[in-house]
Amino acid sequence: MKDKVKYILQIPISKANQNFQEHCDIVGLKFDEENISENIEKLKKILPFISKPIMIRGCGNDKLDKQLLPEIIDILDRECIIGIINENNYKSIIPSIIKGKHKAIIRTPIDINLAKEMNILTADMGLLLDKIIIDTDIGGLGYGFEYGYSIMEKIKLEGKAGDKYLNMPLISFATEETAKTKEAKNPDLAFYFEIASASAVKAAGADYIVLTNPNTYNILKELEK
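1. As for the overall build of the protein
Thought 1: Scanning the protein for helices and strands turns up eight helices and eight strands.
Thought 2: For a compact globule of 225 residues, the expected C-alpha radius of gyration is about 17 Å, and the protein comes in at 17 Å, within 12% of that figure.
Thought 3: Each principal axis of the C-alpha atoms in the protein carries an extent, and together these give about 40 × 40 × 30 Å.
Thought 4: Taking all 225 residues of the protein together, the buried fraction comes to 49%.
Thought 5: A separation of at least 24 residues holds for 66% of the contacts in the protein among residues at least 6 apart in sequence.
Thought 6: Element-wise, carbon and sulfur atoms account for 50% of the exposed surface of the protein, whose accessible area totals about 11100 Å².

Below you can see the structure in the form of structure tokens.
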């Protein structure tokens with residue numbers, strides 16, 4: 001399992017430079033609702049200098065992402081991971097992902113049936129099953145980590161049992177959610193929370209784990225030795 005896990009270091013595209021590539025397997029670039037035009041220009045400039053695989057993430061506003069992500073996809077010069085796709089925006093974004101031959105992060109609330117349903121809907125639009133990455137969400141940790149963990153395990157088991165609509169890689173943004181807790185205002189605690197949450201979702205079967213701290217990557221890689 002450990003050989004399959006890929007760590008994505010997610011940073012705001014406005015703060016992107018060439019140095020962050022050292023601390024990840026995949027470069028994660030996140031847009032925000034402000035300065036979108038400037039960020040698009042920034043992406044055009046740094047794209048030729050990024051040698052590692054790329055994840056592009058929209059701003060999180062479904063209305064804006066319906067326009068933003070297709071525009072970004074037109075700029076890309078290689079296969080990338082595109083997110084986050086959900087029930088509210090998939091009809092507007094999936095066609096561009098299919099045309100560009102990218103991979104899509106499909107997010108649903110913590111429910112195996114909803115995950116399968118979204119995979120079927122996007123596949124019916126023409127998205128190949130091997131281009132889908134499942135994001136079960138983590139519910140802002142509101143359900144408790146154990147619940148989110150169990151859904152990830154169940155999807156893995158169903159996929160291995162032969163369900164083609166659940167036999168896809170899993171991605172987890174758990175570290176992003178732990179960073180939002182009030183305890184994470186302490187930088188030291190935030191660092192340990194990230195290591196703990198990343199280790200937990202790795203054990204649950206995550207194939208891609210999104211990090212926010214470059215130092216976490218170094219620790220996790222050391223633990224794999």
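2. Re the packing of aromatic side chains
Thought 1: This structure, assessed with the given rule, holds two aromatic pairs.
Thought 2: Seen from their ring centres, Tyr7 and Tyr217 are 6.0 Å apart, and the 80 degrees between their planes marks the pair as edge-to-face. Here the residue Tyr7 occupies a position in strand β1 (residues 6–12), and Tyr217 occupies one in helix α8 (residues 214–223), the gap between them amounting to 210 residues.
Thought 3: Ring geometry for Phe191 and Tyr192: centres 5.7 Å apart, planes at 45 degrees, overall tilted.
Thought 4: Over the ring of Phe173 we find Arg107, and its NZ or CZ is 5.1 Å from the ring centre.

3. Some details on α8
Thought 1: Among the residues of α8, those classed as buried are Thr216, Tyr217 and Leu220. The arc that holds the buried residues of α8, viewed along the axis, is 105 degrees, so those residues lie on one side.
Thought 2: For α8, the elements touching its buried residues are β1, α7 (187–204) and β8 (208–211).
Thought 3: Capping the start of α8 is the job of one residue whose side-chain oxygen sits 2.9 Å from the backbone nitrogen of Asn215: Asn213.

4. Things to note about the sheet that holds strand β3 (residues 54–57)
Thought 1: Within the open sheet, the eight strands sit side by side as β6-β5-β4-β3-β2-β1-β8-β7. Their pairing is parallel. Each end of this open sheet is capped by a strand with a single partner; those strands are β6 (132–135) and β7 (171–172).
Thought 2: As paired strands, strand β4 (residues 81–85) and strand β5 (residues 103–107) are joined by three bridges and run parallel to one another. Residue pairing in the sheet places Ile82 in a bridge with Ala104 of β5.
Thought 3: Running at roughly 175 degrees to β4, helix α2 (residues 62–75) makes contact with β3 and β4 of the sheet.
Thought 4: Relative to the sheet, α8 contacts β1 and β8, its axis offset from that of β1 by approximately 170 degrees.

About the criteria used
- Residues numbered from 1 in each chain as written.
- Predicted model: local features only at pLDDT ≥ 70, side-chain atom pairs only at ≥ 80, totals over all residues.
- Heavy atoms only, no water.
- Helix = DSSP H or I, 4+ residues; strand = E, 2+ residues; numbered from the N terminus.
- Rg over C-alpha atoms; globule rule 2.2 N^0.38 Å.
- Buried < 20%, exposed > 50% of the residue type's maximum accessible area, 1.4 Å probe, protein only.
- Contact = heavy atoms within 4.5 Å.
- Areas by Shrake-Rupley, 256 points an atom, 1.4 Å probe, with all protein chains shown as cover.
- Phe/Tyr/Trp six-rings, centres within 6.5 Å; stacked < 30°, edge-to-face > 60°.
- Lys NZ or Arg CZ within 6 Å of the ring centre and 35° of its normal.
- Arc of directions from axis to C-beta.
- Polar contact = N/O pair within 3.5 Å; in protein donor to acceptor, adjacent residues only side chain to side chain.
- Pairing = 2+ DSSP bridges.
- Axes fitted to C-alpha atoms, helices over the stretch in contact; angles between N-to-C directions.

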